[in-house]
Structure formats: structure tokens, C-alpha cells
Amino acid sequence: MNEQELRRVARQLALPGFSLESQERLRRAHVLVIGAGGLGCPLLQSLAGAGVGRLSMIDDDVVNLSNIHRQILFGASDEGKPKVEVAAARLRELQPGINVTALFSRLDVHNALGLFRAADLVIDGSDSFATKYLSADAAEITGTPLIWGTVLRFSGQVALWHSGTAAPGGGVGLRDLFPTQPGPDFAPDCATAGVLGATTAVVGNLMATEAIKHLSGLHPVIPGRVTSYDALAATLRTLTVTADPARPRVQELQDSYAAAACAAPGDPEAARVLLAELRAGTATALDVREPHESLLADLPAPIRPHRLPLSALDEAGEQVRAALNSLSTRRVVVYCASGKRSAEFVRNYAALAQEMGHELISLPGGVPRP
């Protein structure tokens, strides 16, 4: 390490138990980070600041204005740019000389094993069950230690998994805690449920801390210990997962990790016809999403929808009756983010609408989010 590098980490070297050899271990390490979003941004910043010498990151998304409250490596002027490219530039400013590889791509069954084998540690900051189970299986096949994190609303979880033939005693992996990949609608995502930006920073930095401890040898990190953070209560709780002796270790990746979509079946041609009716004014749009969702994406101009959030409805359906009574067209196109909630709304209120002289139609596929 040269003098500039030593000066930059001098306060870290002053820590009890953190030696120059600890720092050199970080400098030699190669970490693969999956996702450059709410978790990836703070943990990437902390890893680069701590002196990790080589970082690879993979993400196929671009910066959106709604990301910036929690994705701290980005600014408003970065909107539309690939996240990994913006993040890489920020990290190089933070630690000149760092080896950063920005992969503007999605982790999939074709590239996962090669990427995992090339890394000393993988950190999963993704936001989908499909990617998390793909990561867990790739880590188990290659024997690569995997730091896993999740966050939603005001809480999050962090753990180190290390399993497979290369792990001591077979180790413990994600599938020992959650054996089966759930469907995509098992839990809401950040767009519909919300997330506190400060919570992602805390959870991301808990992940970074586990990585630094593991890579530097500063303190043992126990595989299978899951730490849960509750921002509102300001508490941390831990539980330890043990390996399931009856579970066979993963030997190969599945053909696909794409679960059944949470959206109603899409029909692009039917959606195109309905949008044309809405533009022409022969049908009326009824948005059943929550208020904040219209800030993320909406139907194109000049369509002016009526808003009726599902959370505001009572059991008697009086709000639905009042909303339908205010509409001037017979045909009413109900929409949400994916088509699932709107299809359910149509099933529940089609009879009431017919009594009032209206026809409810769910917009197939909903409004795609950016």
C-alpha cells in the first residue's frame, strides 16, 4: 500500500484488532455485489471506503427520480443513466485505484456460476425472490460465501450464508431457512409498500460490516445468523439457522427462476384498444392504486383518470357506488400497476356496476413502472 492509501485508511488502522494485514486482506479481496439500488448503494460506498480492492457489480436498471431518496450514490442529474456506471464513477472518486467492474446486465442462470466462482464473497442486494434464490443456489454450488439482505418499509434482515461441499461441514444456506421460492406476490415490493430510505442505509451498512469482518478476519461471522432490524422500535434481534440434514445440497441451477407473474395475464392488443377508447373519451379510466403509485407511473396524456384507492373502500361499497355515479361513460377501464388488483376489483363490483348502467373492464397488464 502506498502512502496515500495508508493515509486514507489511517483511522481504520487505529481500531483495536484491525492490523495492516487486515487491511491488506481487504485490498486483495474481490467482492461481487448484486444490485446497485437501495441496499447496493450504501454497501458499495462503505466497501470502497474501507479499502476493498476489487468490486464487481451487476444491475440492469437505470436511475429513476423515485430511487434517489434511498440510493445515495445517485443525483437528479443521473436520471436515465445505468446505475452501475454511475455507481462505478462515484466509487472511483472515493477510492482512486480501486478496480471496479460495472456489469449493465441481469444475473441469470447463464452468467451466475462464472461470476460467483470469480469472487471471494458475493453480496445479494437484489429485490426479487427469483434473484435471491438464484444467488443462493449459485453460492451453494460454487461454495462461495453469500451475504444476503432484505428491506421493506421500516425493517430489514441480514445474514451470511455459506453452504455446499466447500463449506465446513456442508454449511448452512438460504434454503435451510426458506426451502421453497415463494411467488412474486408473496410480499409487496418497495413501490407498493414503500420503504424508508434511512432503513436501506442501515441494512446496507449492516451487510457491509459483515463483509468487512469476514474478509479482513476482524471478527468471526457465523453463517446462518440472521439479524433483523426494526427502524421504528430501533431494535436488533438475531436468530441462528442450522442446516437441515434432510435437505439435499443444490448441485445444479434450475432452468429458470422466474416465478409465475403477479400480474393478470397480459393482452397487448386488448390494452391498446382500451387505451384508444380512453383517449377518445368513450371510456373512463378508474385508478385503484394507492395515491403514491401515480407518482411513479401513470396512463399517458391526455387520459385523466378518476382515483379510487382500494385502501379507502368500505365493506358496503358506498365509495364505489359514489365513484361510479359520477362517471359519464358506460365503459369504465379499471387499472393498477400489474392488472391483478384491477381484475379483483372488477370481479367484486361488476354486478353493482351493471345495476348502475356501467361495464367494468380491467386493463390487462396494468401500468408498467419505470
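Not measured: the values here are computed from a predicted model.

Some remarks on the pattern of salt bridges
Applying the stated rule across the entire model yields 22 salt bridges. Its salt-bridge partner being Arg249, residue Asp176 comes within 3.2 Å of it at the nearest N-O pair. Taken together, the residues Asp176 in helix α8 (residues 174-177) and Arg249 in the loop between β9 (235-240) and α11 (268-280) connect sequence positions 73 residues apart. Assessed through its relative accessible area of 11%, Asp176 is described here as buried. Between Arg289 and Asp298 there is a salt bridge whose closest N-O contact spans 3.1 Å.

Side note on the packing of helix α13 (residues 318-325) against helix α14 (residues 340-355)
Running from amino to carboxyl end, α13 crosses α14 at an angle of 65°, the nearest separation of the two axes being 11 Å. Along this stretch, α13 crosses α14, giving a crossing that reads as right-handed. Together, Val320, Arg321 and Leu324 of α13 and Phe345, Tyr349, Leu352 and Ala353 of α14 make up the contact between the two elements. Among the residues forming the contact of α13 with α14, the class breakdown is 6 nonpolar, no polar and 1 charged.

Focus on the sheet that holds strand β12 (residues 331-335)
The strand order β11-β10-β12-β13 describes an open sheet built from 4 strands, whose pairing is parallel. Single-partner strands in this sheet number two, and they are β11 (306-307) and β13 (359-362). With 5 bridges connecting them, strand β10 (residues 283-287) and β12 associate as parallel partners. Bridged to Leu286 within β12 is Val334. In the packing of α14 onto the sheet, the strands contacted are β10, β12 and β13, and the crossing angle to β13 comes to about 170°.

What about the nonpolar core?
Ranked by size, the top nonpolar core spans 41 residues in total, and within it Val31, Leu44, Leu47, Leu55 and Ile123 carry the most contacts. Secondary-structure elements contributing two or more residues to this core are β1 (30-34), α4 (40-50), β2 (54-58), α5 (83-94), β4 (121-124), β5 (146-152), β6 (155-163) and α10 (197-216). In contact with Leu55, not counting residues within four places along its chain, are Val31, Leu44, Leu47, Ala48, Leu91, Ile98, Asn99, Val100 and Thr101. Grouped together as the second largest cluster of nonpolar side chains are 25 residues, Ile58, Trp161, Val250 and Tyr257 included.

Structural notes on unusual backbone geometry
Put simply, Ala301 and Pro302 share a cis peptide bond, and its omega is 10°. Positionally, Pro302 belongs in the loop between α12 (293-296) and β11. Even without a glycine there, the phi angle at Arg153 is positive, about 55°. Even without being a glycine, Ala234 presents a positive backbone phi close to 55°. The class of Ala234 is exposed, set by a relative accessible area of 61%.

Details of the packing of α4 against α10
Viewed as axis vectors pointing N to C, α4 and α10 meet at an angle of 40°, and their least axial separation amounts to 8 Å. As far as their axial angle goes, α10 and α4 are oblique. In this structure, α4 meets α10 at a crossing whose hand is right-handed. Of α10, the residues touching α4 (which contributes Pro42, Leu43, Ser46, Leu47 and Ala50) are Thr200, Ala201, Gly204, Asn205, Met207, Ala208, Ala211 and Ile212. Here the contact of α4 with α10 is composed, by residue class, of 9 nonpolar, 4 polar and no charged.

A word on the pairing of β4
Residues Leu121 and Ile123 line one face of β4 and the alternating positions Val122 and Asp124 line the opposite face, and both faces are buried. Note: β4 against β5, 3 bridges, orientation parallel. Bridging from a neighbouring strand, Val122 pairs with Leu146 of β5. Note on the crossover from β4 through helix α7 (residues 129-142) to β5: the handedness is right-handed.

Focus: helix α3 (residues 20-28)
Two residues of an α-helix separated by three or four positions point the same way, owing to the 3.6 residues in each turn. When α3 is considered as a whole, its buried residues turn out to be Ser22, Gln23, Glu24 and Leu26. Looking at the buried residues of α3, the elements they touch are α2 (10-13), α4 and α10.

A short note on the packing of aromatic side chains
Tallying each qualifying case throughout the model produces 2 aromatic pairs. Judged by centre distance (4.8 Å) and plane angle (45°), the ring pair of Phe345 and Tyr349 falls under tilted. Placement of the pair is Phe345 and Tyr349 together in helix α14, with a separation of 4 residues, close to one helical turn.

Structural notes on the domain arrangement of the protein chain
Each domain of the protein chain was delimited in the assignment, giving domain 1 (3-240) and domain 2 (268-362). One C-alpha centre belongs to domain 1, the other to domain 2; they are set 40 Å apart.

What counts, and at which threshold
- Residues numbered from 1 in each chain as written.
- Predicted model: local features only at pLDDT ≥ 70, side-chain atom pairs only at ≥ 80, totals over all residues.
- Heavy atoms only, no water.
- Salt bridge = Lys/Arg side-chain N within 4 Å of Asp/Glu carboxyl O.
- Helix = DSSP H or I, 4+ residues; strand = E, 2+ residues; numbered from the N terminus.
- Buried < 20%, exposed > 50% of the residue type's maximum accessible area, 1.4 Å probe, protein only.
- Axes fitted to C-alpha atoms, helices over the stretch in contact; angles between N-to-C directions.
- Left-handed = near helix turned anticlockwise from the far one by under 90°.
- Contact = heavy atoms within 4.5 Å.
- Nonpolar A, V, L, I, M, F, W, Y, C, P; charged D, E, K, R; others polar.
- Pairing = 2+ DSSP bridges.
- Core = buried A, V, L, I, M, F, W, Y, C linked by side-chain atoms within 4.5 Å.
- Parallel < 35°, antiparallel > 145°, perpendicular 65-115°, else oblique.
- Right-handed = clockwise from strand over helix to strand, strands pointing away.
- Phe/Tyr/Trp six-rings, centres within 6.5 Å; stacked < 30°, edge-to-face > 60°.
- Domains from an automatic or database assignment.

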